[in-house]
Amino acid sequence: MPLPDLDDLIAEVDRTCATAHRSGAHEQPDWLALLTSAAHLSGQLQALADDLVEDYVEHCRMHGVSWADIGSALGVTRQAVQQRFHAPHKRYGPETMSEELQAAMTHVKRAAVQHRNNYIGTEHLLFGLTAEPNSATRMLESAGVSPSAVHEDVGARLAMGASQAAERIAWTPYSRKAIALAEARSEEAGAGRIGCDDLLVGLALVGRGAAAAVLKGAGFEH
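What you see is a predicted model, and the numbers here were worked out from it, not measured in a lab.

(A) Spotlight on the overall build of the chain. For the chain, the count of helices and strands is 11 helices and 2 strands. In the chain, the order of α-helices and β-strands from amino to carboxyl end is α-α-α-α-α-β-α-α-α-β-α-α-α. Taking all 222 residues of the chain together, 38% fall into the buried category. Put simply, 67% of the contacts in the chain that link residues at least 6 apart link residues at least 24 apart. Entry remark: accessible area of the chain is about 12,900 Å², with carbon and sulfur atoms responsible for 55%. Measuring between centres, the 19 positive side-chain charges of the chain sit 6 Å from its 28 negative side-chain charges.

Right, here's the structure in full:
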């Protein structure tokens, strides 16, 4: 996958900065507005890079790699890498999920295992949510979106991997953000457990990842 070079990034800043160019043909661009847009884009790229590294750190820890070796790979001390990544991620067990969501999660796990993926991405979550009727599919239908079309679209994005450790599958940062948003939504509604519709909204609110792209393309935004 080719990475964008500096010219690509400059062109993107120029394209997205609405106030960059003044109306007068001979006036200088609004350099401060361009700088603000460049800083925003830089922040997005840094957040994406941080999520990428965090995902692989978690997989290293799951498979027994020491903090010292992880720090060495990242060029920092063991203490530094522990301070950055050691905060435990919240685990969501069956007792925190509705029966419908528990059923959907069997499809999620099955999709990851069948594609030999050692991670649960947002695409796996959306695939599981749309595998059979539930509160998520009803929410899609009420928004004029076909659950079967979403299921087919996101299913086409599931890539075949080479993992031999399917019994230990980590959630990606975007997936964890999505279920944290789902939990907050269910708590706000006074529900005892997270529902399929909560997770669907969480996937949409994350705004990044395969599921968000599919939902946005289908016309579902929350």
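(B) Examining the environment of Ala 156 more closely. Tracing the backbone shows Ala 156 in helix 8 (residues 147-156). When its relative accessible area of 65% is taken as the criterion, Ala 156 is described as exposed. C-alpha of Ala 156 to C-alpha of Glu 123: the two residues are 33 residues apart in sequence and 9.6 Å apart in space.

(C) Fine view of unusual backbone geometry. Phi angles above zero are rare outside glycine, and Arg 116 is one such case at about 55 degrees. Mapped onto the fold, Arg 116 is located in the loop between helix 5 (99-114) and strand 1 (119-120).

(D) Molecular detail of the nonpolar core. By size, the foremost hydrophobic cluster in this structure holds 38 residues, and its most contacted members are Leu 101, Leu 126, Leu 129, Leu 200 and Leu 215. Among the secondary structure elements, those contributing two or more residues to this core are helix 5, helix 6 (122-129), helix 7 (135-142), helix 8, helix 9 (173-188), helix 10 (196-206) and helix 11 (210-218). Broken down by element, this core gets its largest block of residues, 7 residues, from helix 10. Filtering out sequence-adjacent residues up to four positions away, Leu 126 remains in contact with Val 150, Val 154, Leu 200, Leu 203, Ala 211, Val 214 and Leu 215.

(E) Representation of the environment of Gly 43. Summarising the element assignment, Gly 43 is placed in helix 2 (residues 31-62). On the accessibility criterion, Gly 43 (37% relative accessible area) is partly exposed. With 126 residues separating them along the chain, Gly 43 and Ile 169 place their C-alpha atoms 29 Å apart.

(F) Representation of the layout of surface pockets within the structure. Computed from the structure, the largest pocket encloses a volume of approximately 460 Å³. Lining the largest pocket are 15 residues, and of these Asp 51, Leu 52, Asp 55, Tyr 56 and Thr 172 sit closest to its centre. If you list the elements that add at least two residues to the lining of the largest pocket, you get helix 2, helix 6 and helix 9. Of all the elements, helix 2 adds the most residues to the lining of the largest pocket, at 7 residues. Across the lining of the largest pocket, the residue classes tally to 7 nonpolar, 5 polar and 3 charged.

Analysis parameters
- The numbers attached to residues start from 1 for each chain and follow its sequence in the written order.
- Local features in this predicted model are restricted to residues of pLDDT 70 or higher, and side-chain atom pairs are both shown and tallied only at a pLDDT of 80 or more, whereas totals for entire chains, interfaces and linings draw on every residue.
- Water and hydrogen atoms play no part in the side-chain values, which are based on all heavy atoms of the structure.
- To qualify as a helix, a DSSP run of H or I must reach at least 4 residues; to qualify as a strand, a run of E must reach at least 2; elements of each kind are numbered from the N terminus.
- For each residue, the accessible area found with a 1.4 Å probe, counting protein chains only, is set against the maximum for its type, and the residue is called buried under 20%, exposed over 50%, and partly exposed in between.
- By definition in these notes, contact holds between two residues if any of their heavy atoms fall within 4.5 Å.
- Computed with a 1.4 Å probe, the accessible areas rest on the Shrake-Rupley method; for each residue, only the protein chains presented here act as cover.
- In this tally Asp and Glu are treated as negative and Lys and Arg as positive; neither His nor the chain ends contributes.
- Note on charges: their place is set at NZ of Lys, CZ of Arg, CG of Asp or CD of Glu.
- What we call a nonpolar core is a set of buried Ala, Val, Leu, Ile, Met, Phe, Trp, Tyr and Cys residues that are connected through their side-chain atoms within 4.5 Å.
- Note on definitions: the grid is 1 Å and covers protein atoms alone; a cavity is a set of points where a 1.4 Å probe fits but cannot get out; a pocket is an open set with protein on both sides within 12 Å along at least five of seven lines; lining residues have an atom within 4 Å of a point.
- Grid points are joined across faces, edges and corners, and a volume is the space filled by probe spheres set on the points.
- Amino acids outside the nonpolar list (Ala, Val, Leu, Ile, Met, Phe, Trp, Tyr, Cys, Pro) and the charged list (Asp, Glu, Lys, Arg) are all regarded as polar, and Gly is one of them.

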